[in-house]
4 protein chains.
Amino acid sequence: MTETIGFVGLGRMGEPMARNLLQAGYALNVYNRTAAKASALVEQGARLASQPGDAVASDGIVISIVANDEALERVTLGQGGIAEKLGENGVHLSMSTVSPETSRKLAAHHEQKGAMYVAAPVFGRPDAAAAKKLWTTLSGPDKAKDRVRTVVEALGQGVFDFGEDPGAANVVKLAGNFLIVSALEAMAEAFTLAEKNGIDRDSVASMMGQTIFSCPIYQNYGKAIASQTYEPAGFKLALGLKDVSLVLQAATASGTPMPLASLVRDRLVASIANGRQDMDWTALALSVSQDAGIK
Amino acid sequence: MTETIGFVGLGRMGEPMARNLLQAGYALNVYNRTAAKASALVEQGARLASQPGDAVASDGIVISIVANDEALERVTLGQGGIAEKLGENGVHLSMSTVSPETSRKLAAHHEQKGAMYVAAPVFGRPDAAAAKKLWTTLSGPDKAKDRVRTVVEALGQGVFDFGEDPGAANVVKLAGNFLIVSALEAMAEAFTLAEKNGIDRDSVASMMGQTIFSCPIYQNYGKAIASQTYEPAGFKLALGLKDVSLVLQAATASGTPMPLASLVRDRLVASIANGRQDMDWTALALSVSQDAGIK
Amino acid sequence: MTETIGFVGLGRMGEPMARNLLQAGYALNVYNRTAAKASALVEQGARLASQPGDAVASDGIVISIVANDEALERVTLGQGGIAEKLGENGVHLSMSTVSPETSRKLAAHHEQKGAMYVAAPVFGRPDAAAAKKLWTTLSGPDKAKDRVRTVVEALGQGVFDFGEDPGAANVVKLAGNFLIVSALEAMAEAFTLAEKNGIDRDSVASMMGQTIFSCPIYQNYGKAIASQTYEPAGFKLALGLKDVSLVLQAATASGTPMPLASLVRDRLVASIANGRQDMDWTALALSVSQDAGIK
Amino acid sequence: MTETIGFVGLGRMGEPMARNLLQAGYALNVYNRTAAKASALVEQGARLASQPGDAVASDGIVISIVANDEALERVTLGQGGIAEKLGENGVHLSMSTVSPETSRKLAAHHEQKGAMYVAAPVFGRPDAAAAKKLWTTLSGPDKAKDRVRTVVEALGQGVFDFGEDPGAANVVKLAGNFLIVSALEAMAEAFTLAEKNGIDRDSVASMMGQTIFSCPIYQNYGKAIASQTYEPAGFKLALGLKDVSLVLQAATASGTPMPLASLVRDRLVASIANGRQDMDWTALALSVSQDAGIK
């Protein structure tokens, strides 16, 4: 018999992920604030839910992947939300990039009713989601993780378990995004140093990507930063600031000074103050160029 | 007929590089301040020179790879130095990590006498030098680069040409070391954030190295930083400070603000002030831990 | 006839301020979460209110000075709070150090009911409060500011008006605290540089305080930092972090990169991670010394 | 009998200082690279020397105040320099802002010949020099300081002794300039935060200068930064970068991490990269505004 899964949030990441689940043979109850975005999935067999809670199959699994902490709290604890319907032994598989605090809070809330919360934020952009190339981090009760593992594996190319603290996977996701944005800042400074010394940015990026930094972050982002190509945005700069703010919030809460996170935060604030919020977050490099007097 | 090459500087990098040249069939005149270090090479057929200038074969190629700008100036312009003997059309292949200013100055000096200077700093540690796995950056007059190309190719796995400015290759080398040390700082902060949230450092490092940062810098250094293993030193922290200081010197000279370079500079100064100058430069992570209250 | 004023919050600042109002001839309705702290004031004639709202005299003025944004929201909007009782034309004189956003939100809330909100955070420590030496910043509707001016003047030595935006005075207060903590960081670094060069910290602090920095912040805090005397705390380091976090929150909201605020934020996080949350905020200098290898 | 003093360096600071010595009754031998600048002093009775060494009176006192370390080394150790003529017991009173290392080096050089070196850098701008309002820091052998004290006192309003290490007074001078430039950065960020929140910069500066920061640095520089008035330059931004670079050089040499000095260094580099090298160093605030998106 086909297992039915709830799926809340059909944005640029959620939509291709939901489609992959349909193709893997799951039945889906889908919810999105803007229902129109669900039509393609409905044509492929998904059932449209009118509220987040309606997407929850009885005692089943419900996935959520939404924009931020506030949206996650709303679809979970708001009226008609997931928490109202998630019965005993139900599992909320929460794949948004949110703070560990929010995960811990929602996990405690679900636990009071006998339901479970698993944090499972993913690495990868929409094209990786479509191609089942996501990397997933996982944390929460072992029993719940066992139950969702097959579903999670259907969405990406690898799953990494970080234990039972529901906030742990969120910390790892934030740490990863911090590593990425730090690499962006580093490349922006390095390529600007080259440019100001009369050296072609592209050839430096190309060399680094072929040699000591032969991994996608440096190769792909390096090409964009070297050629100053920031549109269309794969990941908007304003979202980057949201994530770095979550990093610093988690850092402060845990007593971890992160001066490099602070540096990139200020860089992103400057970028937005200069009107670049809708560019890709690699566009922080424009502020590096501007500080160096390059028009 | 066998071509004779001069080789000045038989340190941890120079010695295995010189051996590779011998094995590739070149005749070598070697010089080292501490002559004893040359004995193994002499046994293998190298001729020992008593001064840097004595290593120069007439109108030939002389390689230098020494500790810093001062040492390079001394072996080049000092009494009995390379410049005294490098005849017309001679090529000084300068492989040390030095400032672009020093390269430009020495290039101008050689040019006055009809000789040429090629900057060719390398990426890679002593084990990579021994295994001919170095990556080499190259800049200087095209005519001179053509002349040394075969020699350079005998030393590593790839050569990247950055034009005719003799300082360009040094800028790229400094930019690369800056990218590396920035990644070290980023990993140290990220892993400390994880640790302070109760997450195992090694599992975060392992995940990143297997997924979005699947390149040697993150994999190898990541393992060291996660497990806090800083000895024996592959590249001493005090040398790291030397290089970052050169980065900032080149940045100031070219009007390039590099706040991330400043951040790691202060981190390295703090590390040395706390007695860690002889550890590997990954040990900057100890200062990150200390700031987070971890003993 | 004696005017009656409500006074909510009898902490280290509020208690001496309330006493000054009694001595200036005002009748007071006082509220404090821990009622015991009100006993001395009650002996001097104040009436004890059982809830924040009970302290509000009909159509009158109510002062609040509490620990943080959450406390201010609770005493204002919580059950039995100020907003329940503040009638038309009533004025809430809000003297806490809080975010401009909280002030704007509470002002809008009061306005709906015909009441008014004036932000009036103060500069000065408890001893300055007792000696009527506070400096007060003021913002809100002109009509409301006119009404409270005499009261405000009874509490300090000077009042500065920053217009009608209820958040403006909070921004100025935060800017001022930011200037102070920046001076602390600067002195800590300068005195440590001196010490590491064999120069007596006190003599440097003394010279600066007598010459180009002849103002209380540098003189008083300079003496503490030079002599490393951080207890008892005049203003706890943990409160300093709260204020700098408010600075950065206001900075982000308004699109203002403040790298120096970020720097001191990380310094304070490090200080707390190393167990110094209950010391005076000048103790951030201990982290500067620690980074310099001074035990 | 009138004592004769040598005076080397008649720039914006040196010229009014030399005039004050003439007026105090000293005979002067003056030297300046551009001799024309000496004409007014010569009219007032000074004798023009053709080389720095010619300004030295036998066994006497010679003052130098020149642009930087290189200039000081040239007038001291260069051909026809001070060192050639400074006899046994002669005192070189060195008032330039230079590195402690240069002072220590020159002191050692003089000592070999029985002469003495006293470092005596001053705080104050040209108008303060003219008005004898300078503050002087002093370090060197006690015997030499005793000998020059009357001369030093004739130049300013106060003298502070920092012991016998010839580099100590330079460290204190650099620490003072660092405190000043840190205050500039802090004010620039604070006033920009105010501006972005709709608050008048001038009124914030005015309030701070009247209350908790009632000292000249905040009052005078605060007014300039609030009103964005950066020309004419009292102290050029490019000189500010020179001084902050000396601060960081002394910091590195002594093992003192100074992240705030690094921050202002990058700010000054950005300012120069954007063409502001000839403005007053308060113009670093323009870069703060630019980062905040203010045109």
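Values in this document were obtained by computation on a predicted structure and should not be read as measured data.

> Where do I start with the packing of helix α3 (residues 69-77) of chain A against helix α5 (residues 100-112) of chain A in this structure?
The axes of two packed helices give the description: the angle between them and the distance between them. Residue and element names in this part refer to chain A. Here α3 crosses α5 at 5°, and the two axes come no closer than 11 Å. By the criterion of interaxial angle, the relationship of α3 to α5 is roughly parallel. Residues Asp69, Leu72, Glu73, Thr76 and Leu77 of α3 lie in contact with α5, whose contacting residues are Thr102, Lys105, Leu106, His109 and His110. For the contact of α3 with α5, the class distribution of residues is 3 nonpolar, 4 polar and 3 charged.

> Help me understand the interface of chain A and chain B in this model?
The parts lose accessible area when they come together, and the size of an interface is often stated as this lost area. Contacts between chain A and chain B engage 55 residues on the former and 55 residues on the latter. Both faces combined, the contact of chain A with chain B buries some 4,800 Å², and carbon together with sulfur accounts for 79% of it. Inspection of the region where chain A meets chain B yields 0 salt bridges. At the surface where chain A touches chain B, the tally comes to 9 residue pairs in polar contact (both at pLDDT 80 or more). When contributions to the side of chain A that touches chain B are tallied by element, the ones reaching two or more residues are β8 (134-138), α8 (168-196), α9 (201-210), α10 (216-227), α11 (237-254) and α12 (259-273) of chain A. The greatest single-element share of the side of chain A that touches chain B, amounting to 19 residues, is contributed by α8(A). Looking at the side of chain A that touches chain B, its residues break down into 36 nonpolar, 12 polar and 7 charged.

> Please clarify how helix α8 (residues 168-196) of chain B should be interpreted in this entry.
Every α-helical turn comprises 3.6 residues, leaving residues that sit three or four positions apart pointing alike. All names here are of chain B. Over its 29 residues, α8 extends 42 Å from the first C-alpha to the last, a length consistent with the 42 Å expected when each residue adds 1.5 Å. Counted residue by residue, α8 has 27 buried out of 29 residues, so it is predominantly covered. Positive phi appears at Gly198, one or two residues downstream of α8, with a value of about 80°.

> What is the right way to look at the state of the cysteines in this model?
A disulfide bridge is the covalent bond that connects two cysteines by way of their sulfur atoms. Under the counting rule described, the total for this entry stands at 2 disulfides over all chains. The side chain of Cys215(A) participates in a disulfide bridge whose partner is Cys215(B); the two sulfur atoms lie 2.4 Å from each other. One end of the pair, Cys215(A), is in the loop between α9 and α10; the other, Cys215(B), is in the loop between α9 (201-210) and α10 (216-226), on a second chain. Both residues of the pair, Cys215(A) and Cys215(B), belong to the buried class.

> In this structure, what is going on with the pattern of salt bridges? I would like to understand it.
Pairing is possible between side chains of opposite charge, provided their charged atoms come close. Scanning all chains against the criterion turns up 60 salt bridges over all chains. Where Arg104(B) meets Asp165(B), a salt bridge forms, and the shortest distance between an N and an O atom there is 3.0 Å. Pair noted here: Arg104(B) is in helix α5 (residues 100-112) and Asp165(B) is in the loop between β9 (156-161) and α8, with a separation of 61 residues, a long-range link. According to the relative accessible area criterion, Asp165(B) is partly exposed, its value standing at 26%. The partner of Asp161(D) in a salt bridge is Arg149(D), with the nearest N and O atoms 3.8 Å apart. Separated by 12 residues along the polypeptide, Asp161(D) in strand β9 (residues 156-161) and Arg149(D) in helix α7 (residues 142-153) bring together distant segments of the chain.

> It is not clear to me how the pairing of strand β4 (residues 61-64) of chain C should be interpreted in this structure. Could you clarify?
Successive side chains on a regular strand alternate, one facing one side of the sheet and the next facing the other. All names here are of chain C. Of the two faces of β4, the one holding Ile61 and Ile63 and the one holding Val62 and Ser64 are both buried throughout. Here strand β1 (residues 4-8) pairs with β4 via 4 bridges, running parallel. By the bridge assignment for β4, Val8 is matched with Ser64. For β4 and strand β5 (residues 91-94), the ladder comprises 4 bridges, and the chain directions are parallel. Bridging across to β5, Val62 finds its partner in His92.

> Would you explain the side chain of Thr102(A) in this entry?
Residue and element names in this part refer to chain A. Here Thr102 is to be found in helix α5. By relative accessible area, which is 7% here, Thr102 ends up buried. Of the polar contacts made by the side chain of Thr102, one reaches the side chain of Ser99; its length is 3.0 Å. In contact with Thr102, not counting residues within four places along its chain, are Asp69, Leu72 and Glu73.

> I would appreciate a short explanation of the interface of chain D and chain C in the present structure.
The interface of chain D with chain C comprises 55 residues on the first partner and 55 residues on the second. Summing the contributions of chain D and of chain C, the shared interface buries around 4,800 Å²; its carbon and sulfur component is 79%. The tally of links between chain D and chain C comes to 0 salt bridges. If you look at where chain D meets chain C, you find 9 residue pairs in polar contact (both at pLDDT 80 or more). For the side of chain D that touches chain C, the secondary structure elements donating two or more residues are β8 (134-138), α8 (168-196), α9 (201-210), α10 (216-226), α11 (237-254) and α12 (259-273) of chain D. The greatest single-element share of the side of chain D that touches chain C, amounting to 19 residues, is contributed by α8(D). Tallied by class, the residues present in the side of chain D that touches chain C amount to 36 nonpolar, 12 polar and 7 charged.

> Just checking my understanding: could you explain the pairing of strand β9 (residues 156-161) of chain C for this structure?
Residues and elements named next belong to chain C. Direction of pairing for strand β8 (residues 134-138) relative to β9: parallel, over a ladder of 5 bridges. Paired with Trp135 across the strands is Gly158, a residue of β9. Taking the sense of rotation as the criterion, the β-α-β connection linking β8, helix α7 (residues 142-153) and β9 turns out right-handed.

> Mind showing me how you'd approach the sheet that holds strand β7 (residues 122-123) of chain A here?
Paired through backbone hydrogen bonds, the strands of a sheet run either parallel or antiparallel to each other. Residues and elements named next belong to chain A. Here 3 strands make up an open sheet; going across it, the order is β7-β8-β9 and the pairing mixed. Only two strands of the sheet have a single partner each, and these edge strands are β7 and β9 (156-161). Here 2 bridges tie β7 to β8, and the two strands are oriented antiparallel to one another. Counterpart to Val122 in the pairing with β8 is Thr136. Sheet strands touched by helix α7 (residues 142-153): β8 and β9. Its angle to β9, the strand with the most contacts, is close to 155°.

Cut-offs and rules
Residues numbered from 1 in each chain as written. Chains lettered and ligands numbered in written order. Predicted model: local features only at pLDDT ≥ 70, side-chain atom pairs only at ≥ 80, totals over all residues. Heavy atoms only, no water. Axes fitted to C-alpha atoms, helices over the stretch in contact; angles between N-to-C directions. Helix = DSSP H or I, 4+ residues; strand = E, 2+ residues; numbered from the N terminus. Parallel < 35°, antiparallel > 145°, perpendicular 65-115°, else oblique. Contact = heavy atoms within 4.5 Å. Nonpolar A, V, L, I, M, F, W, Y, C, P; charged D, E, K, R; others polar. Buried area = accessible area lost by both parts, 1.4 Å probe. Salt bridge = Lys/Arg side-chain N within 4 Å of Asp/Glu carboxyl O. Polar contact = N/O pair within 3.5 Å; in protein donor to acceptor, adjacent residues only side chain to side chain. Expected span 1.5 Å × (residues − 1). Buried < 20%, exposed > 50% of the residue type's maximum accessible area, 1.4 Å probe, protein only. Disulfide = S-S within 2.5 Å. Pairing = 2+ DSSP bridges. Right-handed = clockwise from strand over helix to strand, strands pointing away.

Scope: geometric values only; no functional claims are made or implied.
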